[in-house]
Protein chains: 2
Amino acid sequence: VYEILARTVYGKRKRTEVGVDRLVNEGAYTAAYPLHEGPFKLPSHEIHPDELNQRQVLHYYWARWCKWFKYQPLDHIREYFGEKIALYFAWLFYTAWLLPAAIVGTLIFVSGVMSMDTNTPEDICTSGAKYPMCPLCKTCDAWNMSDICTMAKLGYLFDHPGTVLFSVFMSFWAVTFLEFWKRKMATLAHHWDCMDFHEEEQERPRPEFAATAPTVEENPVTGVKEPYFPEKTRLSRMFTGSMVIVLMLCVVIIFLVTVVMCRGVISVMMYQSGSPVLRTEAGTIANICSSIVNLGFILVMGQVYTALAEQLTKWMHRTQTQHDNAFTLKVFIFQFVNFYSSPFYVAFFKGFVGYPTNYGTLFGMRNEDCGPGGCLIELAEQLFIIMVGKQLINNIQEFIIKVKAWRQKRTLASVLGDNEQDEPRRWEEDYKLVPCGGLFEEYLEMLQFGFITIFVAAFPLAPLFALLNNWVEIRLDAHKFVCEYRRPVAERAQNIGVWFNILEALSHLSVIANAFLIAFTSDFLPRLLYQYKFRNDLNGYVNFTLAYAPLNYTDYPYKAFRDNDGMYTLFYWELLAVRLGFIIAFEHVVFFVLRAIDWIVPDVPESLELKIKRERYLAKQALAENQEALL
Amino acid sequence: VYEILARTVYGKRKRTEVGVDRLVNEGAYTAAYPLHEGPFKLPSHEIHPDELNQRQVLHYYWARWCKWFKYQPLDHIREYFGEKIALYFAWLFYTAWLLPAAIVGTLIFVSGVMSMDTNTPEDICTSGAKYPMCPLCKTCDAWNMSDICTMAKLGYLFDHPGTVLFSVFMSFWAVTFLEFWKRKMATLAHHWDCMDFHEEEQERPRPEFAATAPTVEENPVTGVKEPYFPEKTRLSRMFTGSMVIVLMLCVVIIFLVTVVMCRGVISVMMYQSGSPVLRTEAGTIANICSSIVNLGFILVMGQVYTALAEQLTKWMHRTQTQHDNAFTLKVFIFQFVNFYSSPFYVAFFKGFVGYPTNYGTLFGMRNEDCGPGGCLIELAEQLFIIMVGKQLINNIQEFIIKVKAWRQKRTLASVLGDNEQDEPRRWEEDYKLVPCGGLFEEYLEMLQFGFITIFVAAFPLAPLFALLNNWVEIRLDAHKFVCEYRRPVAERAQNIGVWFNILEALSHLSVIANAFLIAFTSDFLPRLLYQYKFRNDLNGYVNFTLAYAPLNYTDYPYKAFRDNDGMYTLFYWELLAVRLGFIIAFEHVVFFVLRAIDWIVPDVPESLELKIKRERYLAKQALAENQEALL
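Predicted, not measured: the structure shown is a model, and the values here were computed from it.

Criteria and thresholds
Residues numbered from 1 in each chain as written. Chains lettered and ligands numbered in written order. Predicted model: local features only at pLDDT ≥ 70, side-chain atom pairs only at ≥ 80, totals over all residues. Heavy atoms only, no water. UniProt positions renumbered as here; feature names shortened; annotations may be inferred. Helix = DSSP H or I, 4+ residues; strand = E, 2+ residues; numbered from the N terminus. Least-squares fit on C-alpha atoms with pLDDT ≥ 70 in both. Contact = heavy atoms within 4.5 Å. Phe/Tyr/Trp six-rings, centres within 6.5 Å; stacked < 30°, edge-to-face > 60°. Buried < 20%, exposed > 50% of the residue type's maximum accessible area, 1.4 Å probe, protein only. Axes fitted to C-alpha atoms, helices over the stretch in contact; angles between N-to-C directions. Parallel < 35°, antiparallel > 145°, perpendicular 65-115°, else oblique. Left-handed = near helix turned anticlockwise from the far one by under 90°. Buried area = accessible area lost by both parts, 1.4 Å probe. Salt bridge = Lys/Arg side-chain N within 4 Å of Asp/Glu carboxyl O. Polar contact = N/O pair within 3.5 Å; in protein donor to acceptor, adjacent residues only side chain to side chain. Lys, Arg positive; Asp, Glu negative; His and termini not counted. Pairing = 2+ DSSP bridges.

Under the feature "transmembrane region" (unreviewed entry), the UniProt entry names residues 85-110, 163-181, 244-272, 284-308, 329-348, 449-472, 496-520 and 570-594 of chain A. The span residues 85-110 of chain A carries 96% helix and 0% strand; its end-to-end C-alpha distance comes to 38 Å.

Shown next as C-alpha cells:
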C-alpha cells in the first residue's frame, strides 16, 4: 500500500481534490509521502563518494555538528527537498549577517563593563544616609539612595552612550540586511528557475477548500470548473476571524495586567519582609519571577492561539500558498503582541507613577515605578528571560520530536515485528519517521529578529545570543530534515512569501522603537541636557533629579522633575522638548538614509540583471528565427 | 530630399548610429521627421466622418476649446503619436483628481471667509493705543497693535482649524492619487501591450553617445559590438556633474539671500517714509516686490541651468530613456530647490529674530520677522505670485512658440515662394512646423504637484488654480501637438519613468512639510494650548503672547514667550513640546495610514490581474500544444 501511495505522489507531484491527499484526509490511508533515497548512515565498508545516495551526502556533508563552520549546500538541499525548504535554509543567511551585529554588540557591552567603574554616579554611592528616599509603598519605610549603588552601576551597563550608537547601527543593519536578502532571493530564484513561478496559476485548490466550498464556479484563469467560495461568506468569515484575533489580544492584555499585579504583590511582600538585601533587590526579584510567569503565559497562549488559527484558516483559501500566507500573518500578529506586549509595557508605559499625595493607581495598587537602575535594566532582564527561555523551550520541543520518533519506531516494531528478519523495505523504514511539520514553526523563529532590532538599545548582547542559537538551530534542523522527518513533498516557491513583509515591518518598527527608547527610557538625554545647561560634569546630577514632596506630606525626596506642588519644572519641559526633538531628528535621518540605501542598492544584482536580459534577448531571437523557419 | 528622409525614418522607426539622426546631427540634412497624415483642418465641403484622416479626427474631437469637458481619446493619441506622448496625456488624469481637492480647498477657503468676522482676535482690533509695540527697525518708531487689525483678520483666513484639516486631507489625497495612478499606468501598459517592453534591450545607443564613446565593447545583452564608456570616465563625469549641481544650488542660495536683503531694505525704506498706510503694509508690499524679483531670478536660473544640464547629460547615457531619466532628475532637483527655497525660507526659517537687546543679524541687518498676519499669510502671497506668475510666463512661452511657428512659415514661404502655385507637398507643409520639443517641459509642470501638496496649509486655493491651469493646458498642448508641431517619432514607453519616483518623493515630503507647517508656522497650536491651559476662550490671548523687553531698554512689548531677561518662559517650552509631539503624532499616523492604503489597494487592478494570468495561462497551453505537435 505505501509503495503505491508513495509512487503516486512522488511521480505526479500534484495534489488534486480527488487525489491521495483526500484519501488520507478521509482516513482511507494512514499516510502518503515520497520515499527517502535510502538510509542516511554511511555503510560500514569503504565506499566511493559517487556511490553515496543524496541523503547520505546531505547527512555526511551537512547535517552533522562537525560541519558547523560550513556554508549551506543549497543546491543539494533544493534537489532533495525542493525549493521551499531550500529557501528556508537560504534564509539562514541571516545568521551570517548576525556575525557583525554580534561582534559590535559584544564590543559595546564590553566597553560598558570597562567604563562602569570610571562612570560611577558618585552622588549615589557616596551619599550614605544623605538622601533618605520616599517610601515605595504605603506601609514601607524610607530608604537610602546609597542602598542602590550596585544597581545604579549595573544600570550604566545598559544605558551608556555606546548603546545609543548601537541602536543606530542596528537600525541600519536591519535595513541593509533586508536589501541584501532581496538580492539573494532574486539570485536564488533565478538560479533555481523559479522567477516566473506564479503559484496561483499552477497550484491546485487545497482538498480542505474543495471539500467545504459551497458552490462550483469557472476559474477565470484556467477556465476549468472549480470549487468556489462566494464573496459574501468570505467577508463574514474574515469578520469572524478578526473578532477572534481581537478577543485573543484582549486575553493577552488581561494576562499582562495579571503579571503586573503579581509583580506588585511580590515586591510589596519583599519590602515588608524587613531584610535589607531582599528590600533593595525586591524590584529585580519581582521582575524575574513575573517574567518567568509571563513566559509561561506566552507559551501557553501561543499554543492555544495557533490551534485556533489553524481552525480559522482551514477553509477559505484556495491554494496552499494563500493559506500559508494568511495563517502566517494571523499567527504572527498574535505572537507579536503576545511576546512583545510585556517588554513594550516595561519600556514605554512603566514609570508613570504620579507623585506623593497623587499617585496613579490601577485597581487600587500604586502604579509601578522602574527599579533604581532605570527601566532599561528591567527591560534587559525581561528580554533575557523571554529570549533565552524561549530558546530553551524550543530545544525541549526538538527533544520531544526525537522522543516521538523513537516511540513511533517502537510501536511499529511491535506491529511489524514478524517481518523483521528480512531487510525492512524503504517505505516501512520511512513510515517509522515523524511526518514533516512544515516550515511554519521554523520561520516563527523570526520573532527573534524583532528582539534583536526593536529592543536592541536595552540588550546589546541579543545579537550574540541569536547568533549562537541560530548556529545550533541550523544543524539541528538539518539533522531533523535528513534523519528524523519523512521526506516532505517537494514544493516550489519564488520567495519566502509574507514573511518578507513581516520582516520589513519589523525593521521599520525597530527604528521607531529605538528612537523612543533612547529618548524616553534611557537616561542619555537628561544627562546630556544637564551637562549642557549647568556644568560640564555630572556632579550634582542625582540631587538635581530629586523632587521634594508637598510640604504637608513627608519631606523625603523622590525622583522626578517637579516643584513642591507636584507641577513639572521648566527643566522637565525643556527635557521633553529635547526628547521629542531627538525622536524627530533620529527618525527623519534614519528613514532618509534607509530610503537612500533602498534606492542605491538595486534589488537584483547587476550581473544577474544582465544575465536575465541576455536570456530574454536570446529567447526572443530564437522565437523570431523559429517563426521565420516555419514560414 | 525630405521625402526620402521622412520615409526612411517613418518606415523603420529605428535610429542607429549610422542612421538619419547622425546625418542630421552632422548637418547633412536639416531635418528628419515622420509626416503628418494630412491637413488638420476639416475640408470646406461636407465629408463622411470615416473619410477624415487621424489628424483631422484628433483636431476635431480633441484639440479644440469647445471640447473642454471631454475625456482624452488616449487610444487615438497613442495611434497617432505613440505611447510616450499618449502616456503624457494620460498623466493629465491628475487633472480629474484635482477636482475634489479644488472643491474641498475652496470650501475651506470660503468657510474661512465666512467665519473671519466671528473669530476676530478682539484684543488686537479694540486695543486702540493700549499696546504700543516695539519698533521694527533701529530708527523706526513704536507702533500700535491695533494698526494691524486688518492684517490679523486676513491672517485668520490662512490660519484657521480648517486649514489643518485640509492639509491632512491633501496628504491622503496625494498618496491615494499615486496609488490609483499606478493602477491606471498598469492598465494602460497592458492595454497598449507595453507591459514587457524593456527599453534597454530594445533601444539602440543614442547617436551622441556613439559619437563620443571612446572605446568599443561587446554589449553583454545582445552580443553586438557597440560604443562604450569605461567605468572610470563615467565616475569622473558623474563627479563633475554633481559638482555643477552643488555650485548652481549655491548660486540659488545666494540669490535667495539677495532677495531677503532686498526685502529688508524695501521695508525699512517704507517704515521711514512716515506714511501710516505704507508703514502697516510695509511687510506686504516688500514681500510682493521681492517675490516678483525672486520669480525673475527663478526663471532666469531655470533657463541657464537647463542649458547647462543638457550639456552635462549629453554624452554618457547609452539610450534615450536613460538619458531622459538622468536629465529629468538633474533638472528636477535643481528646479525644486530653485522654486521652493524661498517658500521654505518663509515657512520655516523666517521669524528667528531674537529679542530686543539681542537681535539676530545677517550681514548687519536684523533678521526678518513675519508680518503681523503671521508667516502663513506671507507664504500664501509668495506662493500665489510664484505659481500664478509661472503659469503666466508659461502661457507667454506658448505664445512664443506660436510666433516661432509663424516666423518659420514666413521664412520658408520666401524660400519656396516659387513653388507656391502648386499644392504644397506634405513634407514641405510639415517642414514649416516647429520641431517637437519633447515632453520634458510639459512634465516639468509637475512642480505644481509640489505647490499643491507641500504648502497646501498656507494656500488652500492652490488646487483650484492648478485645476484651472491644467484644464487650459490640456487643450493648449493638444492643439500644439496636432497643429503646430511636426509629428514626433513615435516612441514606446511602459510608464512615465523617473517622474513617478519624483512624485512619490514629493508626496512624502508634503506630509513632513505639512506637519512642520501646522506645528510651527501656524498659530493653531499656541491658541489650542492657551485655551486648554487657561480658559476656554481666547480672551487675553494677544496680551499673553506679548513679552516685555529687558528693563534697561524700552518698555514696549514684542511678540514672544519670553520673560524680562529674554529667557524663554515655561509656556514656551510646553508649547515646544506640544509642537514636537504634534509632528510626531501627525507623521506617524499619516504615514501609517498611507502604508495601509498602499498595502490594501493593489498596484494592478484585480480584473487586469486576472486577465494577465489568463493570458499567460493560454500562452503556456499554446506553447505546450505546439511543442507536442512538433514532436
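Having seen it, we continue.
This paragraph deals with unusual backbone geometry. Phi is positive for Asp193(A), which is not a glycine, with a value near 60 degrees. Inspection of the secondary structure puts Asp193(A) in the loop between α9 (161-191) and α10 (199-202).

Let's shift gears to the relation of the copies chain B and chain A. Placing chain B over chain A gives an RMSD of 0.1 Å and needs a rotation angle of 180 degrees, together with 0.0 Å of translation along the axis. The transformation just described matches what one would write down for a two-fold rotation axis. It is Ala577(B) whose C-alpha, among those of chain B, lies nearest the rotation axis, at 2.2 Å. A symmetric contact is evident, with 100% of the interface residues of chain B recurring at the interface of chain A.

All right, on to the packing of aromatic side chains then. Residue and element names in this part refer to chain A. Scanning the model with the defined rule gives 85 aromatic pairs over all chains in all. Each ring, one from Tyr-305 and one from Phe-334, has its centre 3.9 Å from the other, and the planes form 20 degrees; the classification is stacked. Placement of the pair is Tyr-305 in helix α14 (residues 282-313) and Phe-334 in helix α15 (residues 320-349), with a sequence separation of 29 residues. Each of the two residues, Tyr-305 as well as Phe-334, counts as buried.

In helix packing, the relevant descriptors are the interaxial angle and the interaxial distance, both defined with respect to the helix axes. All names here are of chain A. The contact between helix α12 (residues 231-273) and α15 brings their axes to 10 Å, and the two run at 25 degrees. Compared by their axis directions, α12 and α15 come out roughly parallel. For the pair α12 and α15, the sense of crossing is right-handed. In contact with Ile-245, Met-248, Leu-249, Val-252, Leu-256, Val-260 and Arg-263 of α12, α15 contributes Lys-330, Phe-334, Val-337, Asn-338, Ser-341, Ser-342, Tyr-345 and Val-346.

Here the focus is the interface of chain B and chain A. Between chain B and chain A, the contact holds 34 residues from the first and 34 residues from the second. Surface buried jointly by chain B and chain A totals about 3,100 Å² across both partners, of which 62% is contributed by carbon and sulfur atoms. Taken together, chain B and chain A are joined by zero salt bridges. Remark: the boundary between chain B and chain A carries five residue pairs in polar contact (both at pLDDT 80 or more). Sorting the residues of the side of chain B that touches chain A by element identifies α10 (199-202), α21 (498-521), α24 (570-600) and α25 (606-630) of chain B as the ones contributing at least two each. A total of 13 residues in the side of chain B that touches chain A trace back to one element, the largest contributor, which is α24(B).

Take the packing of helix α9 (residues 161-191) of chain B against α21(B) next. Residues and elements named next belong to chain B. Direction vectors running N to C along α9 and α21 enclose 170 degrees, while the axes themselves pass 9 Å from each other. When the axis of α9 is compared with that of α21, the two are roughly antiparallel. Across from Val-164, Ser-167, Ser-171, Ala-174, Val-175, Leu-178, Trp-181, Lys-182 and Met-185 in α9, the residues of α21 making contact are Phe-500, Leu-503, Glu-504, Ser-507, Val-511, Asn-514 and Ile-518.

Moving on to the side chain of Glu587(A). Mapped onto the fold, Glu587(A) is located in helix α24 (residues 570-600). No salt bridge is formed by the buried Glu587(A). Its closest oppositely charged neighbour is Arg595(B), at 13 Å. Polar contacts involving the side chain of Glu587(A) include one to the side chain of His588(B), which spans 2.9 Å. Dropping the residues within four chain positions of it, Glu587(A) is found in contact with Ile512(A), Ala515(A), Phe516(A), Phe592(A) and His588(B).

Of the pairings in the sheet, the one linking strand β3 (residues 215-218) of chain B to strand β4 (residues 225-228) of chain B comprises four bridges and is antiparallel in character. Bridging from a neighbouring strand, Val216(B) pairs with Pro227(B) of β4(B).

This paragraph deals with the environment of His323(A). Residues and elements named next belong to chain A. Mapped onto the elements, His-323 comes out in helix α15. Judged by relative accessible area, which is 11%, His-323 ranks as buried. Setting aside residues up to four positions removed in sequence, His-323 forms contacts with Arg-206, Thr-313 and His-317.

Its location among the elements puts Trp599(B) in helix α24. A residue is classified by how much of its surface remains accessible, and Trp599(B), at 60% relative accessible area, is exposed. Taking the C-alpha atoms as reference points, Trp599(B) and Glu179(B), 420 residues apart in sequence, are found 9.8 Å from one another. Ignoring any residue separated from it by four or fewer positions in sequence, one finds Trp599(B) in contact with Leu329(A) and Asn501(A).

This paragraph deals with the pattern of salt bridges. Under the counting rule described, the total for this entry stands at 20 salt bridges over all chains. Lys182(A) serves as the salt-bridge partner of Glu179(A), at 3.1 Å between the closest nitrogen and oxygen. With Glu179(A) and Lys182(A) both in helix α9 and three residues apart, this pair spans about one turn of that helix. Here Asp598(B) makes a salt bridge to Lys182(B), at a shortest N to O gap of 3.5 Å.

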